[in-house]
Amino acid sequence: MTTLQDLATPITPNFCPGCGNFGIWAAFKNAAVKAGWDNHNTVFTAGIGCHGHMVNFVKLTSFEGLHGRAIPVASGMKFANHALNVFVFTGDGDCLGEGGNHFIHACRRNHNITILLHNNSIYGLTTGQTSPATYKGQKTKSTPDGNPDEPFLVSHLAVAAGATFVARGFTGDIAGLTDLMIAANNHQGLSVVEILQPCVTFNKECSPSFYMENTYKLPEDYDPENKALALAKAIEWGPKQIPLGIIYRQNRPVAESEFPQIAENTLISKEASVRDISELFTKQH
Ligand SMILES: Cc1ncc(C[n+]2csc(CCOP(=O)(O)OP(=O)(O)O)c2C)c(N)n1
Ligand code: SF4
């Protein structure tokens, strides 16, 4: 049984007071206690950014890689030992800017990993430049006259790219976020939880009160298995029109099951073998 104490590190989180990352930290630890994720079965990777500091505040085996590379490191871990439960903590800049290519292809491939995407619609750590999720027209340090670009809508992009579980949560609802993390991790396939995470210091537009006023929970009779409906819901964004909950869910074989080499046993449990490929170098056609 995992306890909160098991997950504690000696380091006190240094997020700005009021930062939504505190909610993600709390929800993840609550979820780990409820679901029994611990150092024997669970690992995570993190990107570069304020979100990436999570490696210092949660005592699980973790790896913080280069900016944008949290997902390929996680998919490598999963291929090497698919018995592990693998999470990714990433930011909107990390995941959709520097790592945008990795994100869409991981969704398409359906790795059995859980991506927790801290969406504060800004580059937080570098003090407030536009990210690919910053609203059009928003004034930031890098766009003082207003952002000229259209933003990605994270959940919409994830469904369209082939993720088989897509949910949206909000850091102001820690209990709801805890449940979404557990549901995402229970899903067999690539899961994305887009987490609306206020950066209270550098993104005044996406404030806690903005999300309180404009989000709503998907109704009980919403059908997440209807892809056309999911795409329509995921693109909804406006006054009182931002849906929270499980937006999409589909059953599809996971990437790791498509490789006969690891169908029976994990890669790390296998003896290394040498395969003679010299014939390939002598073939003319
Ligand atoms: C390849 C590369 N580009 C840019 C940077 C500089 N950089 C470090 S963190 C960061 C922004 C992070 O934003 P985000 O991923 O949204 O995370 P947040 O800090 O908002 O949690 C940038 C641009 C870098 N370290 N590496
Ligand atoms: S800069 Fe923004 S995202 Fe980073 S810790 Fe401060 S409030 Fe949070």
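Residues numbered from 1 in each chain as written. Chains lettered and ligands numbered in written order. Predicted model: local features only at pLDDT ≥ 70, side-chain atom pairs only at ≥ 80, totals over all residues. Heavy atoms only, no water.

K.L.:
Teacher, can you tell me more about the overall build of the chain here?
P.N.:
When helices and strands are counted, the chain shows 11 helices and 8 strands. On C-alpha atoms alone, the chain measures out to a radius of gyration of 19 Å, which is about the 19 Å that the 2.2 N^0.38 rule sets for 285 residues. For the chain, buried positions account for 51% of its 285 residues. Look at the contacts in the chain between residues 6 or more apart in sequence, and 72% of them connect residues 24 or more apart. For the chain, the accessible area works out to roughly 13,700 Å², and carbon and sulfur atoms hold 56% of it. (Helix = DSSP H or I, 4+ residues; strand = E, 2+ residues; numbered from the N terminus. Rg over C-alpha atoms; globule rule 2.2 N^0.38 Å. Buried < 20%, exposed > 50% of the residue type's maximum accessible area, 1.4 Å probe, protein only. Contact = heavy atoms within 4.5 Å. Areas by Shrake-Rupley, 256 points an atom, 1.4 Å probe, with all protein chains shown as cover.)

K.L.:
Even after reading the chapter, I still don't get the packing of aromatic side chains, so can you show me in this structure?
P.N.:
All told, the structure shown has 13 aromatic pairs when counted by the stated rule. Ring geometry for F28 and F44: centres 6.4 Å apart, planes at 65°, overall edge-to-face. A residue pair is termed long-range when its members are at least 10 positions apart, and F28 in helix α2 (residues 21-35) and F44 in strand β1 (residues 42-46) qualify at 16 residues. Since its relative accessible area comes to 1%, F28 is described here as buried. On the basis of an interplanar angle of 70° and a centroid distance of 4.9 Å, the ring pair of F44 and F89 is categorised as edge-to-face. Highlighted residues: F44 in strand β1 and F89 in strand β3 (residues 85-91), separated in sequence by 45 residues. For F89, a relative accessible area of 0% translates into the label buried. (Phe/Tyr/Trp six-rings, centres within 6.5 Å; stacked < 30°, edge-to-face > 60°.)

K.L.:
What exactly am I supposed to notice about the sheet that holds strand β6 (residues 191-196) here?
P.N.:
Hydrogen bonds along the backbone pair up the strands of a sheet, which may run parallel or antiparallel. As summarised here, the arrangement of the 8 strands in space is β2-β1-β3-β4-β6-β5-β8-β7, forming an open sheet in which the pairing is mixed. Two strands in the sheet have a free side with no partner beyond their single neighbour: β2 (61-64) and β7 (215-217). Between one strand axis and the next, the sheet turns by 25° as a mean value, whatever way the strands run. Relative to strand β8 (residues 242-249), β7 runs parallel, the two sharing 3 bridges. Across the sheet, the residue bridging to T215 is I242, located in β8. In the packing of helix α8 (residues 174-186) onto the sheet, the strands contacted are β3, β4 (114-119), β5 (165-170), β6 and β8, and the crossing angle to β5 comes to about 165°. (Pairing = 2+ DSSP bridges. Axes fitted to C-alpha atoms, helices over the stretch in contact; angles between N-to-C directions.)

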